[in-house]
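A closer look at the structure
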Amino acid sequence: MIELKNSRIAASISYILEMAIFLCLATVTGYIFRMIKFPETTIVLAYLLGVLLTARFSKGYIYGILASVISIFAYNFFFTEPFYTFAVNDPSYIVTFIVMMMTALLTSTLTSHVKKSAIQAQEKESETKALYLLTNHLTDASDMHDIAGIATKIISTVINCNAACLCFDENELPEKTFVQQISPEKQIYRDTENADEIKCKTEELQTGYYTDTEFYNWLIYGKDSVLGIIRIPANSAAVMTEAQTRLLRAMIESTALSMDRFILAQQRIKYQEETVQERYRSNLLRAISHDLRTPLSGIMGTSEMLMDMSKQSDPRYELAKQIYEDADWLHSLVENILSLTRLQDGRLTLNKQPEAVEEVVGGAIHHIMQRSPEHDITVKIPSDLLLVPMDAKLIEQVLINLLDNAIKHTHPGNEICVSAINDEKRNCVIFSVADRGEGIAKEDLPNIFKMFFTTHIKHADAQHGIGLGLPICDAIVKAHGGNISAQNRKNGLGAEFIFTLPMEVGSK
Amino acid sequence: MSNLGECILVVEDDAQIRNFICYSLQSEGYKYIIAKTAQSALNLLVSEQIDLMLLDLGLPDFDGIDVIRKVREWSEIPIIVVSARDQDKEKANALDTGADDYLTKPFSATELLARIRVALRHLYRQGGNRQQASAQIGDIKIDYDKHLVYLDSNEIHTTPMEYVLLTLLFKNAGKVLTTSYIIKEIWGVGYGNDTQALRALMAGLRRKIEKNPAKPRYIMTEIGIGYRLMNE
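Now for a description of the structure that goes with this document. Predicted, not measured: the structure shown is a model, and the values here were computed from it.

Reading guide: rules and limits
Residues numbered from 1 in each chain as written. Chains lettered and ligands numbered in written order. Predicted model: local features only at pLDDT ≥ 70, side-chain atom pairs only at ≥ 80, totals over all residues. Helix = DSSP H or I, 4+ residues; strand = E, 2+ residues; numbered from the N terminus. Buried ≥ 20, exposed ≤ 12 C-beta atoms within 10 Å, placed from the backbone. Axes fitted to C-alpha atoms, helices over the stretch in contact; angles between N-to-C directions. Parallel < 35°, antiparallel > 145°, perpendicular 65-115°, else oblique. Left-handed = near helix turned anticlockwise from the far one by under 90°. Contact = placed C-beta atoms within 7 Å. Nonpolar A, V, L, I, M, F, W, Y, C, P; charged D, E, K, R; others polar. Pairing = 2+ DSSP bridges.

Re the overall build of chain B
If you tally the helices and strands in chain B, you get eight helices and twelve strands. For chain B, the proportion of its 232 residues judged to be buried stands at 38%.

Here it is in structure tokens:
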């Protein structure tokens, strides 16, 4: 710091000396002109030249202005009558002084200004060059550490120090090591000294940088997070000029941009891979399901036809019936896989419309009764028309799946009850499907909505389930913004499935 | 209902299902012609005397909807559409384009034959042009002359709208009617597609003729498609 002050004083002294020399020269020239009887105006011009030269070779406006003032007095002192006094005999000289003063001031300021602009232009040019160099190299970078390395190298060259760069990982935490330039050609990796503290400081940071014992740390801000830190050694950072700081900021900005670009590209590749995989998966499933569906329809139709052709006492009737039932089971598996793929794709768009609860419940029951006419299903719904926003086809599917379960676990003649209640307090409709089966085992309760879960507590004659029906219900109800849950009935045996649908159309 | 040996065009590309359909038709005494593509179906419709068409929506060459549209340009023959389960939009679309009914795979022979019977019956009724004085389905009876509806021989009061709806369903008994078709028939073309008004009207009618509207005996809801009055 003291050195800096000294150098400044030395510069001022040399400028003042320069000014004195130029003005003395002007005075001497003035004497020569007067001796060879040149007009007085030439003397004025000699002084103006002196002012101009002072302004040209000194820094800032101050010396130029000083030179113009001094030259007026000198002209007054040496060349106007009475000589060697500051008095003036001829008042017209006053005008000469004023014009001379103004001209001198203007030329000196103009010169200084031109000079300053030239310096600025030079600075700008070198800044642009440095930035260009940086971005040019950054485009070749293949990963985050490459970017950090290039930024470190170029910043070190431009600022003329041993800069370093610490990258942050995906979780916005400082990495374990950071890269530092130790000579123009060599970079080393150093251990990050105190990651938690760095994290803490970056979060609290109000200004552009913070300092620690060794470095001044500038943060690299990405689009939505901190991507890393550029570290400039404290001794170099302290003497950085304004222009250098500006340049450093610009360089950090381009580093941030290129890091951002890299992260985005990486993300895009990841998403692309994911979507391609996902598409393959669901296309495959869909193709398989579709190709299974058509022959299964044929098998079901043909076996049904065979049943029609044979008498019930005929053993062939039983065989055909077995074929039909197995094909039916396989068919519902295929349908379930299809719906689940569609639900999980997220490609399913809910076609939400106000639908009458009675129609959806009625549709589901009609569907079930066609398959299992021996069961009796009780229905309890509000007597008033109740319109609920929903995708009717999907909610019908939920009810069908739940009723299907109920029928599987309930003997014909035992009660199965479907009900819907309008809960005005919670602004939703509560559907319930309750059966009188054996209920759900306690250890199964938390898992029944998981995919491919079927109970391990099997009954000898129980039909084997697929474990897809309830996950489908879960996915559909959740897509509607509702909830589904299962419980055992309090009064007696049996399970009860309850799901809610919100009443307002807007909620999703 | 006796069978007059009507000729049915079966348009289906899957051999299994085609065999099954043809066998069912044969066992009921219908004649049938097979087409494996939409183009050959259209050709056969021109060259042969055909009374009804069974049309699979997923044909290799044409979209089923286009076939229906083309046929409807010059023919009124009943068309029953056969489709997979996840094609609700296509089904409703096919019905609005001019198909008379639909079947979802897998379907049973009984279902198939019932749909064919209904479609053919409507064909004859159109041809007969005879306005009946009354009609009865189950316990419901409509007296067209007096504009009265009876349930179990007891007169029930219906609003004019409900009466129109009920007669519309009666005239198309056994057939599925799309919501947009019903709305057009009851409120007219300019009414748009206000399904809520129809739902409310339907709920009112059901409360008068059904014991339990959520377990209907007569008016079935075909979710995503429309309504069907059961007559068998």
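Having seen the model, we can carry on.
Description of the packing of helix α2 (residues 40-57) of chain A against helix α3 (residues 62-79) of chain A
All names here are of chain A. Packing of α2 against α3 leaves a shortest axis separation of 9 Å and a crossing angle of 155°. Classed by the angle they form, the pair α2 and α3 counts as roughly antiparallel. Where α2 crosses over α3, the handedness of that crossing is right-handed. Facing Glu40, Ile43, Val44, Tyr47, Gly50, Val51, Thr54 and Ala55 of α2, the residues of α3 in contact are Tyr63, Gly64, Ala67, Ser68, Ser71, Tyr75 and Phe79. Partitioning the contact of α2 with α3 into residue classes produces nine nonpolar, five polar and one charged.

Some points on the pairing of strand β12 (residues 484-488) of chain A
Residue and element names in this part refer to chain A. Here β12 runs beside strand β13 (residues 495-502); their pairing, made up of five bridges, is antiparallel. Residue pairing for β13: Ile484 is matched across the bridge by Phe499. The hairpin turn running from β12 into β13, its antiparallel successor, is six residues long, and Gly492 in that turn takes a positive phi close to 95°.

With respect to the sheet that holds strand β2 (residues 31-35) of chain B
All names here are of chain B. Across the sheet, which stays open at both edges, the five strands sit in the order β2-β1-β3-β4-β5 with parallel pairing between neighbours. Strands at the two margins of the open sheet, each flanked by one partner only, are β2 and β5 (101-104). Neighbouring strand axes in the sheet, compared pairwise and without regard to direction, differ in orientation by 20° on average. Relative to strand β3 (residues 52-56), strand β1 (residues 7-11) runs parallel, the two being bridged by four bridges. Within β3, the position partnered with Leu9 by the bridge is Met53. Relative to the sheet, helix α4 (residues 88-97) contacts β4 (79-83) and β5, its axis offset from that of β4 by approximately 170°.

Overview of the interface of chain A and chain B
Taken together, the contact between chain A and chain B spans 33 residues of the former and 28 residues of the latter. Of all elements in the fold, only α8 (242-309), α9 (315-345), β7 (353-356), α10 (357-371) and α11 (392-409) of chain A reach the threshold of two or more residues within the side of chain A that touches chain B. With twelve residues, α8 of chain A is the largest single contributor of residues to the side of chain A that touches chain B.

Remarks on unusual backbone geometry
Cis geometry is adopted by the peptide bond preceding Pro106 of chain B, which originates at Lys105 of chain B and carries an omega value of -5°. As for its placement among the helices and strands, Pro106 of chain B is situated in the loop between β5 and α5 (109-128). Notably, Lys37 of chain A is not glycine yet its phi reads approximately 60°, a positive angle. Residue position: Lys37 of chain A is located in the loop between α1 (2-35) and α2. Positive phi is not limited to glycine here, since Asn160 of chain A has a value of about 65°. Structurally, Asn160 of chain A is set in the loop between α5 (144-159) and β1 (164-167). Given 11 C-beta atoms within a 10 Å radius, Asn160 of chain A is considered exposed.

Structural notes on the environment of His331 of chain A
Here His331 of chain A lies in helix α9. Leave out the neighbours within four places in its chain, and His331 of chain A touches Leu296 and Met300 of chain A together with Pro106 of chain B.

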